[in-house]
Every structure is written in structure tokens, then in C-alpha cells.
Amino acid sequence: MQDVIQAAGGVVWRDNSGAIEVVLCSRHQRGSIDLFVLPKGHVEPGESIEDAAVREVKEETGLAVRIESEVLPNIRYNVRSRENSRSSPKVVYFYLMTEIGGNFSNHDEEFDAVGWFPIAEAEKLLTYDNHREVLAAVVEILSRNVQI
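Residues numbered from 1 in each chain as written. Predicted model: local features only at pLDDT ≥ 70, side-chain atom pairs only at ≥ 80, totals over all residues. Heavy atoms only, no water.

Caption draft 1: Just the overall build of the protein, in detail. The secondary structure content of the protein amounts to three helices and eight strands. The helix and strand sequence of the protein, counted from the amino end, reads β-β-β-β-α-β-β-β-β-α-α. Over its C-alpha atoms the protein spans a radius of gyration of 15 Å, differing by no more than 12% from the 15 Å that the globule rule assigns to 148 residues. For the protein, the C-alpha atoms occupy an extent of roughly 50 × 40 × 25 Å along the three principal directions. Within the span of the protein, comprising 148 residues, buried residues form 41% of the whole. Contacts in the protein between residues far apart in sequence, at least 24 positions, make up 70% of those at least 6 positions apart. For the protein, the computed accessible surface area is about 8400 Å², with 47% contributed by carbon and sulfur atoms. Here the protein contributes 15 positively and 24 negatively charged side chains, and the mean placements of these two sets differ by 5 Å. (Helix = DSSP H or I, 4+ residues; strand = E, 2+ residues; numbered from the N terminus. Rg over C-alpha atoms; globule rule 2.2 N^0.38 Å. Buried < 20%, exposed > 50% of the residue type's maximum accessible area, 1.4 Å probe, protein only. Contact = heavy atoms within 4.5 Å. Areas by Shrake-Rupley, 256 points an atom, 1.4 Å probe, with all protein chains shown as cover. Lys, Arg positive; Asp, Glu negative; His and termini not counted. Charge placed at Lys NZ, Arg CZ, Asp CG, Glu CD.)

This is the structure:
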């Protein structure tokens with residue numbers, strides 16, 4: 001049985017004067033449209049999934065974040081190993097998060113830009129359907145608690 005690769009990340013949101021915004025990371029793609037994704041990354045050995053989510057979001061966005069009580073749907077897909085081109089299952093755990101400090105100028109070099117986007121615009125910009133599904137769950141959660 002293959003080991004499942006684990007990753008974790010978050011949907012960081014805020015209420016900006018009644019407009020819900022979320023954080024997206026983007027990278028310029030040569031010869032194509034920009035890549036827009038939710039911040040996420042690998043879980044280190046011995047690290048909890050929650051700690052990995054907070055760490056990865058901070059590394060990729062520059063923001064210090066706090067996990068809220070809601071756990072979001074995880075996504076699953078297969079990734080190819082660079083070493084032997086074998087496919088392995090990967091699961092990414094996402095959490096609903098709020099900003100508690102930091103700033104975008106401290107994001108790592110993995111992405112060209114990080115920013116706040118109105119949630120409706122973010123749904124259109126996200127590159128991957130599974131990231132849009134996670135964001136749809138956020139819309140559902142926030143619609144119960146916040147006017148969207």
C-alpha cells in the first residue's frame with residue numbers, strides 16, 4: 001500500500017466593511033494565464049496537520065493566522081514523483097482561518113503575488129476546481145454566520 005502524502009492549508013478570510021474577502025496566491029505562468037490557488041503545503045514529519053496549515057499559510061502569504069472552529073472539506077488527487085514518475089495519493093486538509101498579524105510583503109518566493117480578493121472574484125480566479133469546491137464550502141459556512 002502506498003503512503004498518502006499529506007498537505008495542509010487554509011482559506012484566510014476577512015469582513016472588509018461588509019465585503020467578504022479571501023487570500024489567494026498567484027504565480028505567473030509562461031505563455032498562459034496566471035495560476036491562482038489557496039495557500040497550502042506539505043506536512044513535516046512529526047508536525048500536526050493544524051500546525052502545518054498555520055505554518056504553510058504564514059510562509060506562503062506572510063500572514064500570521066488563527067484556525068477557526070470549522071474544518072473545510074479536504075481534497076484528494078494523485079501526484080507524480082519526480083524521481084520515478086510513480087503516482088502517489090495526496091490529501092490536502094484545509095481550515096477556515098483569520099488573520100492575526102503579519103503582512104504580504106513577508107511571503108516566500110513560491111508565489112509572485114499574494115492578496116485579498118472579493119470572494120466572488122476569487123471563485124472565478126481560482127485555477128483548480130477542487131480549490132473552488134473548498135471555497136464554496138466557505139461561502140456556505142460564512143452565509144450562516146455573516147452577511148455575504
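Here the narrative resumes.
Caption draft 2: Molecular detail of the nonpolar core. Formed by 23 residues in total, the largest nonpolar core has its most connected members in Val11, Leu72, Leu135 and Val138. It is helix H3 (residues 129-145) that contributes the most residues to this core, five residues altogether. If we skip the residues at most four places from it in the chain, Leu72 touches Val11, Phe94, Tyr95, Leu96, Val134, Val138 and Ile141. One finds Leu63, Tyr95, Val114 and Trp116 within the second-largest nonpolar core, a separate group that totals 19 residues. (Core = buried A, V, L, I, M, F, W, Y, C linked by side-chain atoms within 4.5 Å.)

Caption draft 3: Spotlight on the pattern of salt bridges. Counted according to the given criterion, the structure contains five salt bridges. Ionic pairing is found between Glu21 and Arg14, a salt bridge with its closest N-O pair at 2.6 Å. Its relative accessible area of 29% is what places Arg14 among the partly exposed residues. Two residues, Glu56 and Arg55, come together in a salt bridge whose shortest N-O distance is 2.9 Å. Judged by relative accessible area, which is 3%, Glu56 ranks as buried. Sharing partners across several salt bridges, the network here consists of Glu47, Arg55, Glu56 and Glu59. (Salt bridge = Lys/Arg side-chain N within 4 Å of Asp/Glu carboxyl O.)

Caption draft 4: Representation of unusual backbone geometry. Positioned with a positive phi, Ser17 is a non-glycine residue whose angle comes to about 55°. Relative to the assigned elements, Ser17 resides in the loop between strand S1 (5-16) and strand S2 (19-27).

Caption draft 5: Main features of the pairing of S2. Counted residue by residue, S2 has seven buried out of nine residues, so it is predominantly covered. The turn joining S1 and S2, which pair antiparallel and follow one another in sequence, is formed by two residues; a positive phi near 55° is taken by Ser17. Examined bridge by bridge, S2 and strand S8 (residues 113-118) share six bridges and lie antiparallel to one another. Each bridged residue has a counterpart across the sheet, and for Val22 the counterpart in S8 is Phe117. Pairing analysis gives three bridges linking S2 to strand S3 (residues 35-37), with the strands arranged antiparallel. From the neighbouring strand, Ser26 faces S3, where its bridge partner is Phe36. (Pairing = 2+ DSSP bridges.)

Caption draft 6: Representation of the side chain of Thr61. Residue placement: Thr61 occurs in helix H1 (residues 49-61). The exposure class assigned to Thr61 is buried, which follows from its relative accessible area of 0%. Within the structure, the side chain of Thr61 is placed 3.0 Å from the backbone nitrogen of Leu63, a separation counted as a polar contact. Here Thr61 is in contact with Val23, Cys25, Pro39, Asn103, Phe104, His107 and Val114, once residues within four sequence places are set aside. (Polar contact = N/O pair within 3.5 Å; in protein donor to acceptor, adjacent residues only side chain to side chain.)

Caption draft 7: Region of the structure containing the environment of Phe94. Locating Phe94 in the fold gives a position in strand S7 (residues 87-102). Taking the C-alpha atoms as reference points, Phe94 and Glu50, separated by 44 residues in sequence, lie 8.9 Å from one another.

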